[in-house]
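Coordinate analysis (summary)
So the chains spell out like this:
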Amino acid sequence: MTPTAHRLALFGHPVAHSLSPTIHAAFAAQTAVALSYEAIDADIDGFASALAAFAGAGGTGANVTLPLKHAAAALCATLDPRARRMGVVNTLVLRDGGWHGDNTDGTGLVRDLTERHALDLRGRRTLVIGAGGAAAGVVPALLDAGVGELYIVNRSSERADALVDAIGEPGRVHSRYLADAHALGEFSLVVHATSATRGGMLPPLPMSLLASRATAVDLNYGEAAIPFLAWARAGNALHAIDGLGMLVEQAAESFTLWLGERPQTDPVYAQLRAHAPTLATAD
Ligand code: ATR
């Protein structure tokens, strides 16, 4: 690293298998920006001190992943409206000696769906499964992209209710228990945003949730996306899309915030997809 290199990092737990360092190294090579991007394992209790140590060592920007997205928002001096709205941050930018928090997940998801997959999201009756940090990061962007009625279903009711309250569109956005999803009719966009499949188990989901020609999206990628995409294909979803494209797009958005330069995502996506052929999308 040269003395003028930008020092960036990903904080989360676990982070060892994250693709983000690979993605940012590829963006750096493409744009000829000198940077380092390391993965730093930190749990909730150790996050504030790890972030302070990183800033003290010259760190100027970071990504934040689970389980730290809410905690990151609390550590910020300023928040972009898209992070403030739901209280979840995935991108930190050092500004005037304090952290500015933003959230690029929702923009990344919508860009992947509308540009890479050329999908029209407008008016789609939408189901989001899960109400944690991942769901909170993408729901506002889906609404801004023009989806129709949106249901958030969750195993426990408190987090789904809190998410719906934070959005403040009671005529359009509703919460339900995951166990009651069978009574909700069918959806043309179904987004899986739980962490359950990181342990290999997809919560029980009735096939009746999938309208004909539905799009099913998992915010997870890699092995954690396999159970939901298998469910979607068994239910004849027209598109079954994992979170790899969203990952690359949110990374590009973060890179742009840090460095003022937008990298091209298609070559990086193609490179990563080539190494994950079994996860190729159905469309
Ligand atoms: P993330 O940042 O990935 O969203 P999170 O904030 O810990 O992580 O949220 C995890 C989500 O997955 C929550 O919606 C959680 O449901 P609860 O709020 O009821 O805990 C959901 N989840 C995790 N394990 C699950 C399981 N086995 N079945 C159903 N939902 C599960």
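Here's what I pulled together on the structure shown here. Bear in mind the structure is a predicted one, so any value in this text is a computation, not a measurement. (Residues numbered from 1 in each chain as written. Predicted model: local features only at pLDDT ≥ 70, side-chain atom pairs only at ≥ 80, totals over all residues. Heavy atoms only, no water.)

1. With respect to the sheet that holds strand S12 (residues 239–241)
Quick note on the threshold: What makes two strands pair is DSSP finding at least two bridges between them. We count a stretch as a helix when DSSP gives it H or I for four or more residues in a row; a strand needs E for two or more, and each element gets its number in order from the N terminus. For every element, the axis is a line fit to its C-alpha atoms; helices are fit only across the contacting stretch, and the angle between N-to-C directions ranges from 0 to 180 degrees. Throughout, a contact is declared for two residues whenever any of their heavy atoms are within 4.5 Å.
A sheet is described by the order of its strands in space; here six strands give the open sequence S9-S8-S7-S10-S11-S12, paired in parallel fashion. The sheet is open, and its two borders are formed by strand S9 (173–177) and S12, each paired with just one other strand. Across the sheet, the mean angle from the axis of one strand to that of its neighbour is 20 degrees, orientation sign disregarded. Here strand S7 (residues 126–129) pairs with strand S8 (residues 150–154) via four bridges, running parallel. By the bridge assignment for S8, threonine 126 is matched with leucine 150. Most of the contacts of helix H7 (residues 157–167) go to S9, to which it runs at about 175 degrees, and overall it touches S8 and S9.

2. A look at the environment of glycine 132
Along the chain, glycine 132 turns up in the loop between S7 and helix H6 (133–144). Expressed as a C-alpha distance, the spacing of glycine 132 and arginine 159, which sit 27 residues apart in the sequence, is 7.0 Å.

3. Overview of the pairing of strand S3 (residues 59–64)
Counted only if it meets this: Accessible area is worked out with a 1.4 Å probe on protein chains only. A residue is then buried under 20% of its type maximum, exposed over 50%, and partly exposed in between.
For S3, a buried count of five out of six residues is recorded, marking the element as mostly surrounded by other parts of the structure. Bridge count for strand S1 (residues 6–12) against S3 is five bridges, and the pairing is parallel. In the sheet register, phenylalanine 11 faces S3, and the bridge partner there is valine 64. As defined by bridge partners, S3 adjoins strand S5 (residues 91–95) across three bridges and the pair is classed as antiparallel. Note on S5: the bridge partner recorded for asparagine 63 is threonine 91.

4. Describing the pairing of S1
Stated precisely, the cut-off is as follows: Classification remark: right-handed applies to a crossover when, strands pointing away from the viewer, the course from the first strand over the helix to the second runs clockwise.
Across the seven residues of S1, five count as buried, placing the element largely inside the fold. With seven bridges joining them, S1 and strand S2 (residues 35–41) adopt parallel strand pairing. Each residue of the ladder has a partner; that of leucine 10, found in S2, is alanine 39. Note on the crossover from S1 through helix H1 (residues 20–31) to S2: the handedness is right-handed.

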